[in-house]
Every structure is written in structure tokens, then in C-alpha cells.
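Results of the structural survey
Below are the chains, spelled out letter by letter.
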Amino acid sequence: MKRILKIVLFILVVGFIVIQFINRPDKTILAETAPDDITKHMQVPENVQNILKRSCYDCHSSHTKWPWYSHIAPASWLVGDDVTNGRKKMNFSEWGKISDSKKEARLNEVCEQITEGEMPLPNYLILHSKAKLSKEDKDILCRWAEEEVKKLEEKDSE
Ligand code: HEC
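Everything in this summary refers to the structure shown in the same document.

What counts, and at which threshold
Residues numbered from 1 in each chain as written. Predicted model: local features only at pLDDT ≥ 70, side-chain atom pairs only at ≥ 80, totals over all residues. Heavy atoms only, no water. Helix = DSSP H or I, 4+ residues; strand = E, 2+ residues; numbered from the N terminus. Buried < 20%, exposed > 50% of the residue type's maximum accessible area, 1.4 Å probe, protein only. Polar contact = N/O pair within 3.5 Å; in protein donor to acceptor, adjacent residues only side chain to side chain. Near = heavy atom within 4 Å.

Here we take up the side chain of Asp-137. Within the element layout of this structure, Asp-137 appears in helix H7 (residues 135–156). For Asp-137, a relative accessible area of 12% puts it in the buried group. Only 3.3 Å separates the side chain of Asp-137 from the side chain of Arg-54, close enough to count as a polar contact. Only 3.0 Å separates the side chain of Asp-137 from the backbone nitrogen of Ser-134, close enough to count as a polar contact.

Attention shifts here to the site of the ligand. In the vicinity of the ligand, 18 residues are found, and the nearest of them are Cys-56, Cys-59, His-60, Glu-109 and Met-119. Between a nitrogen atom of the ligand and a side-chain N or O atom of His-60, the distance comes to 2.8 Å. Between the ligand and Glu-109, the relevant distance is 3.1 Å, taken from an oxygen atom to a side-chain nitrogen or oxygen of the residue. Going through the elements one at a time, helix H3 (57–60), helix H4 (75–89) and helix H5 (100–115) are the ones with two or more residues in the shell around the ligand.

Following Ala-73, the chain continues to Pro-74 via a peptide bond in cis, the omega torsion being 5 degrees. Secondary-structure assignment places Pro-74 in the loop between H3 and H4. Omega for the peptide link from Met-119 to Pro-120 comes to -10 degrees, which places this bond in the cis form. The phi angle at Asn-23 is positive, at roughly 50 degrees, despite the residue not being glycine. A residue is classified by how much of its surface remains accessible, and Asn-23, at 57% relative accessible area, is exposed.

Purely geometric stuff here, so don't read any function into it on its own.
Here's what the structure looks like:
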């Protein structure tokens, strides 16, 4: 019986070590502000930037702060997926690369998603309670998004 336990434990330990080498997310962190960063393409007041950095940048920018457990499989796969999919949908560090109509759509979605409580992802908030948006944070983001959408529409109709 002891022998079987030892074998099982051995397999678990080896398995745990092996999975560490599978599907490791790319954890490059951008040190400086990218040329296509949203702050270089539209007005982002400091209070808005602070909210975005605190609550959205881990998944929607190239400035992800990788927590310790994001280096350990299988947690690393879950975190990596959120970041990859979040960035694919909208990356504030690559904002300049998308068309004006896409920017408009994304800005509209920002207000929608936070009002409905879809963003930041609820499972993220469990371990990042500071990222939770207050009513005031939501108002600030929505007002900002609305203003920038208006600017884009005016630019479009010129
Ligand atoms: C833990 C990671 C994470 C955080 C933090 C996060 N998001 Fe997301 N976000 C995602 C993922 C993943 C998707 C893609 C979801 C999908 O495709 O269904 C997404 C999608 C979106 C979309 C596009 C929605 C759509 O389906 O059109 C918007 C807009 C958005 N997020 C806004 C925000 C805002 C604003 C914040 C901060 C207040 C934020 N997100 C924080 C992971 C995150």
C-alpha cells in the first residue's frame, strides 16, 4: 500500500513538473509607452488613465502585471487565455492600429460592458479586489468614452 502511494505521488510530482513546460503564455512586458498607445491617439485624462490601468490593463494592454500564480501551470493557462483573448479583442497599447469606426465601436462597448458588470471579468475581481469599479469610476469612464465617440463622429463627418 505504501508503495502504491509512493508511485502515485511520484507520478503527480513528475506530471506537475512536466506541465510547467506546456503552453507557456508569452509574458513580455512593455517597459515604455508604445507609439500606438491610446494616450498618443486620443485624449485620456489622468483620472481615466488611472481607472483603465487599475482595472483593465492586465488584459487589455501590453503592460500586464503577471501575478506569481500566472507562472505556474495550470493557473498560468487560465490567466494566459484571459490576457490573450482580452488583448485580441481590444489592446489599449495598440489602439492606433485600429480604424476610427472600430475605435468608436470599442468605446461604446466599454461603457456597455462596465455598466452591465461584464468587465472587469468577475473571476478576475476575486483576486484583484482593487480593480472593482465604483459607481463613480463607471460614470467617469462612460462620460469619457461618450466624449471621444463624439469627437470621432465629428471627425468622420468633416
Ligand atoms: C481578467 C482579464 C480582463 C480584464 C481585467 C478586463 N477584461 Fe475586458 N475582456 C477580457 C476578455 C477575455 C475579453 C474577450 C471576451 C470575449 O471575446 O467574449 C474581453 C472583452 C472586452 C470588451 C469587448 C466586449 C465584446 O464582446 O465586444 C470590452 C469592451 C472590454 N473587454 C472592456 C473592458 C474594460 C473597460 C475593462 C476594465 C474596466 C476590462 N475589459 C477588463 C478580459 C478582461
